[in-house]
Amino acid sequence: MSASVNNPFQRIVEPLDPTDPKKRFYNLSKLGDPRYDRLPFSIRVLLESAVRNCDEFLVKRSDVESILNWKQTQTQTVEVPFRPARVILQDFTGVPAVVDFAAMRDAVTKLGGDPEKINPVCPADLVIDHSIQVDFNRKSDSLQKNQDLEFDRNRERFQFLKWGSKAFRNMRIIPPGSGIVHQVNLEYLARVVFNYEGYFYPDSLVGTDSHTTMIDGLGVLGWGVGGIEAEAVMLGQPISMVLPEVVGYKLSGTPDKFITSTDIVLTVTKHLRQVGVVGKFVEFFGPGVAQLSIADRATIANMCPEYGATAAFFPVDDVSIQYLRQTGRDAEQLAYITKYLKAVAMFRDYDDVSQDPDYTRVVELDLSAVVPCCSGPKRPQDRISVSDMKTDFESCLGAKQGFKGFQVAPEHHGTAVPFQFDGKEYTLSHGSVVIAAITSCTNTSNPSVMLGAGLLAKKAIERGLSVKPYIKTSLSPGSGVVTTYLKESGVMDYLFQLGFEVVGYGCMTCIGNSGPLPEPVVSAITQGDLVAAGVLSGNRNFEGRVHPNTRANYLASPPLVIAYAIAGTVRIDFEKEPIGVDSEGKDIFLRDIWPTREEIQAVERTFVIPSMFKEVYEKIEKVNERWNSLVAPSDKLYTWDPKSTYIKSPPFFDGLTMELKPPKSIHDAYVLLNLGDSVTTDHISPAGNIARNSSAARYLTNRGLSPRDYNSYGSRRGNDDVMARGTFANIRLFNKFLNKQAPQTLHLPTGETLDVFDAAERYRQSGVPLLVLAGKEYGSGSSRDWAAKGPFLLGIKAVVAESYERIHRSNLVGMGVIPLEYLDGDTADGLGLTGRERYTVVVPEQLTPRMIVDVKLDTGKTFQVRMRFDTDVELTYFRHGGILNYMIRKMSEN
C-alpha cells in the first residue's frame, strides 16, 4: 500500500534524502497548488493518500481535485476514497473479523476462486485486551488469578486467533496481558510516518473500536469503523467517505494547577456535543495546545466518539517528537519523521498563527475556565462540576426516568439498608459507591493522572484514610509501563493499601467486565431498590454497561475515583464536607490531599523514562508464557469444530452465488421493537455477562454448559448462534411496546411478551420481514459490528430512525440492512405511528445516494423517508447484499 503503479502524480516523487535515492516520497508541496497550504492538516493526510494511491480506478485524479477543493465543497456532499496505511483491532471485534475471513475463504473456494486472495494487504495489528474480567480484587495475587481465568475461559478463542496469525499474512497478534489496544498503539505500534517499500508517507489507520481516535492525539489520523468495513480495508478496498467538514477547536489559556486532563476532556465533550460535530473532523489549534502533553491530547482525542466527531486531530509538533523520544523510538526514526513532515507542510508550530489553515468554523475553549468535573449518571456528555455532584445526584434521584432521572419516590430518597460484610455491619443508601475502578485507555495512558492518583493515595494513607472493604476497587492499567513507573515512583504500595492493586491489563470495568459484586452488597441494593453508584476513569457509562447493579455510573479522573471511593458516596460536596477524619478526629477535606500539577510533573519527569518503554515493549509479543505454549493449527482453511460454542462458521454466505439479483421492496413487515432516543450498541448487542434467564443462556445450557462457563457476550462474538440470541438482550432496553426496561418485546400477531430472539424466531417461521422503529442517535456508542450482524440474523430488513451514529449506520449498510431516516421534522410520534402497523418499504430498482422513498402502512397511510446510503459505493454493497458478499464475488472472479 505504499504507492500505485502508473500513478499520474509520479512527477512529484523525489528522495527525502538525496544521498539515499531509493527512499522517496510524494512531495505535495510540488503540486504547485496554493489551495494545499490552506487545507486543514487532517485533510492533507487524506490528500496524500489519494495522491499516492491514485490509479484511475479505485482512486482517481478527480478525487485528488475534490480534496484540494475542500473549502469550496463544504455545502455539498462530495464522496472521496481513503486508503489508510494500516488497521488495528481488539479481540472482541477481531475474533469475528477473523471468523469472517475464515468463512470468506470457504466461500471463495466454493465459488471456484483462490482462498489465498482473502488476506490482509496492509498491516493489521490485533491486541487481545477485552477478555479479562475483574473476578478477583483486593488480593496480592488478583492479577495472576484474573489472567489465569481469562486464559481458561478463552483458550478456544485464543487458539483460533493464533491460527489466524499463522494463516494470514500481515496480521500480528499482541497477546493477552500486554495492555489496552489504544495505549499499546500510542506507546508502541504508531509509526507517525511509514517507511515502507521504499516510500515515506503519513501513518494513518482505521480500527474496529470507536476509541481508535485516541491516536489522533499523536498526529496520526485514525478513527473507528465497523468490523465489516475494516475487513474490506484489510482486503485492499478504500473507505468511501464523504469529505468532512473540519471544525477548528482553538485552545487558549493555562489550566488551573488542580485541573486534570480528564476535567478538560469532559468539558470538551459537553461543549462539542452542544456545538454539533457529528460526522465531522475536529482539529485542535491555538497556543493552548502547547500547554498539553501528548497524553493529555490523547485523552481528549480518545473521547471523540462521545462528542460525536469522526476524528479529533492534533497535528504533529515538537511535543509529539519529544513523546516519541520518551517512549523509546529510535533517533533515526525521529529524524525522518521530522524531516518528512516538514517537507510536506504537516509539521505544526501551534504558536505560529501563519500556519493556521482554513476551517469550516472555529470554536474556542479557554483552558483556565475548566473546573474539576465528572460525567453521568448515564451518559458521557452529561458533565457535572464536582461541586454540584451532590445536588445533581439528588435531583436525578427523583426526576422522571431518563438520562438524568431515576424516578425514585421522595419518601424513599432516604432509604438505608444495613448489611453484614466480613463480620462487620455497614449501610448502603442511594448514591453509595460500590464500584471504584481506575480503568480504560482514556486515562491509564496518561502518567499525569495516574501519578496524581498515586500521590493522592499516598497522602490519604498518611492521613489515616481508607476505603470500605465492600467497595469493589480495581486498577487495570493500559500497559506494563504504567505499573513500572507507579512502582518506581513509590506510590504503588499506597494504591494497594486503598484496594487499588493491579487486577489485569485490559479494558475490564470500562467495557462491563467488572466481575461480580459481593453477594451481601447485591442483596442490600436489591432489598432497598437502591440507586448504587459506580465511579470509573472510563469513557462510557451507558445504562447496564458497567454493572447490572450500578444504575448510576460516573466518569471521573483517577484521583477522583479514589476520592469517591474513600468518601463511599457520590452524595458529597467535597468543597464543604470532609472526605474523612484522621486518627485525632480532625476533619480532612479533599483539598488537603489533592496533588498539584507541579507535584505530579516533578515525579513524572523523574520516573517516566524511555528505558521503561523499551524494556516493556521489546518483549511484548513473547512475555505471555501461556500464549507461547498454545498450539494452533496452520492450515490455510480453518477446520470448524461443530461442538464449539465460541467459534462457528457464520451463515452470512450460505447459498451465495455469483449472480447479482435486483433489490426488492420490503412487504408487510412487522415492527420487532419500538425504541426511543440514544439506543446504544450496548442495548443492541451487549458485551457483558450473559443473564441466566436469557435466550443465549438457554442455548448454552442445552449445549451442556453451566452458568459459570457462560463467559460474556463479547467473548462469544465468534459464534452467531449465541450472538443472535444476545441481540437486544440488554436488561436496560426500553421498548415502547412494553413501556418498561426489559430485553423483551411484543409478538404482535399473538400479543405475547417474549424475549426478543424468541419473538424474531416466531416471525421467521412465519416468513415475515421485520423493522425497528427508533429515535435520535440510534446505534451510538461502541463500534460493534454485531449490532448490525445480530439484527440481520433476526430478520430485520430495515431500521427507521430520526438519526444514526456514523459507524453503526455504516455497519448496517455493510450487512445489507437498510438505514431509513425520517425527513426533517418527522418523528414516529408526529406521524402517529404506533409500531403495531404493517410496513411496506418501496425500494426502486434504480437507486441513488440519499434518495427519498415511500413507506406504506396497512392502515392506508403513506409517509416518506430518506435511504441513508450516502455514497455510490454503499449502494454497490447493498446491491450485493452487503460488503462481504461484494468482496467474495470480487475475489472469486477469474
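Residues numbered from 1 in each chain as written. Predicted model: local features only at pLDDT ≥ 70, side-chain atom pairs only at ≥ 80, totals over all residues. Heavy atoms only, no water.

A.B. asks: An account of the overall build of the protein is requested, with residue identities and associated values reported.
C.D. replies: On a plain count of helices and strands, the protein comes out with 30 helices and 36 strands. Scaling as 2.2 N^0.38, a compact globule of 894 residues should have a C-alpha radius of gyration of about 29 Å, and the protein matches this with 26 Å. In terms of its C-alpha atoms, the protein occupies a principal-axis envelope of roughly 80 × 75 × 55 Å. The buried share of the protein, taken over its 894 residues, is 64%. Of the contacts formed within the protein by residues at least 6 apart in sequence, a portion of 75% connects residues at least 24 apart. (Helix = DSSP H or I, 4+ residues; strand = E, 2+ residues; numbered from the N terminus. Rg over C-alpha atoms; globule rule 2.2 N^0.38 Å. Buried < 20%, exposed > 50% of the residue type's maximum accessible area, 1.4 Å probe, protein only. Contact = heavy atoms within 4.5 Å.)

A.B. asks: With reference to specific residues and values, describe the sheet that holds strand β7 (residues 193–196).
C.D. replies: Backbone hydrogen bonds hold the strands of a sheet together, and the pairing may be parallel or antiparallel. A sheet is described by the order of its strands in space; here four strands give the open sequence β1-β2-β8-β7, paired in mixed fashion. Only two strands of the sheet have a single partner each, and these edge strands are β1 (13–15) and β7. The mean angle between the axes of side-by-side strands here comes to 35°, regardless of whether they run parallel or antiparallel. With three bridges connecting them, β1 and strand β2 (residues 24–26) associate as antiparallel partners. Its bridge partner being in β2, Pro-15 is matched across the sheet by Arg-24. Running at roughly 145° to strand β8 (residues 199–202), helix α1 (residues 41–52) makes contact with β2 and β8 of the sheet. Docked against the sheet, helix α11 (residues 331–343) engages β2, β7 and β8, running at close to 105° with respect to β7. (Pairing = 2+ DSSP bridges. Axes fitted to C-alpha atoms, helices over the stretch in contact; angles between N-to-C directions.)

A.B. asks: With reference to specific residues and values, describe empty space enclosed by the protein.
C.D. replies: Counted under the stated rule, the structure contains five cavities of 30 Å³ or more. Empty space within the largest cavity amounts to approximately 180 Å³. Around the largest cavity sit 22 residues that line it, and His-130, Asp-209, Ile-511, Arg-545 and Ser-782 are the ones nearest its centre. Along the lines of polarity and charge, the residues of the lining of the largest cavity split into six nonpolar, 11 polar and five charged. Counted as a void, the second largest cavity has a volume near 80 Å³. (1 Å grid on protein atoms, 1.4 Å probe; cavity = no way out; pocket = protein on both sides within 12 Å on 5 of 7 lines; lining within 4 Å. Points joined across faces, edges and corners; volume = space filled by probe spheres on them. Nonpolar A, V, L, I, M, F, W, Y, C, P; charged D, E, K, R; others polar.)

A.B. asks: Mind laying out the environment of Met-303, listing which residues take part and the relevant values?
C.D. replies: Counting through the fold element by element, Met-303 comes out in the loop between α8 (294–302) and α9 (304–307). Assessed through its relative accessible area of 1%, Met-303 is described here as buried. Along the sequence, Met-303 and Met-214 sit 89 residues apart, while their C-alpha atoms lie 7.4 Å from each other. Setting aside anything within four residues of it in sequence, one finds Met-303 in contact with His-211, Val-265, Leu-266, Thr-269, Pro-380, Thr-442, Asn-539 and Leu-555.

A.B. asks: Outline the packing of helix α15 (residues 480–488) against helix α21 (residues 610–618), listing residues and values.
C.D. replies: For the pair α15 and α21, interaxial distance at closest approach is 9 Å and the crossing angle is 135°. In terms of their interaxial angle, α15 and α21 are classed as oblique. Considering only the axes of α15 and α21, their crossing is right-handed. Contacts from Gly-480, Val-481, Thr-484, Tyr-485 and Glu-488 in α15 reach Met-612, Phe-613, Val-616 and Tyr-617 in α21. (Parallel < 35°, antiparallel > 145°, perpendicular 65-115°, else oblique. Left-handed = near helix turned anticlockwise from the far one by under 90°.)

A.B. asks: Describe helix α18 (residues 558–567), naming the residues involved and giving the relevant values.
C.D. replies: Counting buried residues in α18 gives 10 out of 10 residues, a clear majority hidden from the surface. By the burial criterion, the buried members of α18 are Pro-558, Pro-559, Leu-560, Val-561, Ile-562, Ala-563, Tyr-564, Ala-565, Ile-566 and Ala-567. Just beyond α18, the residue with positive phi is Gly-568, at close to 80°.

A.B. asks: Break down unusual backbone geometry for me, with residues and values.
C.D. replies: Cis geometry is found at the peptide bond from Gly-376 to Pro-377, where omega equals 10°. Assignment of secondary structure puts Pro-377 in the loop between β16 (373–375) and β17 (383–385). The phi torsion at Asn-711 lies on the positive side, around 60°, for a residue other than glycine. Relative to the assigned elements, Asn-711 resides in the loop between α24 (695–702) and α25 (720–726). Even without being a glycine, Asn-739 presents a positive backbone phi close to 60°. Residue class for Asn-739 comes out exposed when judged on its relative accessible area of 61%.

A.B. asks: Tell me about the sheet that holds strand β34 (residues 839–841), residues and numbers included.
C.D. replies: On the basis of which strands lie adjacent, the closed barrel formed by seven strands has the order β26-β31-β32-β33-β36-β35-β34 and mixed pairing. Averaged over all adjacent pairs, the angle separating strand axes in this sheet is 40°, with direction ignored. By the bridge criterion, four bridges tie strand β32 (residues 796–801) to strand β33 (residues 818–822) in an arrangement that is parallel. Looking across to β33, one finds that Ala-798 is bridged to Ile-818.

A.B. asks: Explain the layout of surface pockets to me, and be specific about the residues and the numbers.
C.D. replies: Taken as a whole, the second largest pocket encloses approximately 1,400 Å³ of empty space. Lining the second largest pocket are 43 residues; nearest its centre among them are Phe-792, Lys-797, Gly-816, Gly-881 and Asn-885. For the lining of the second largest pocket, the leading source of residues is helix α30 (residues 883–892), giving four residues. A breakdown of the residues in the lining of the second largest pocket according to their chemical character gives 23 nonpolar, 12 polar and eight charged.

The values are spatial; any link to function lies outside them.
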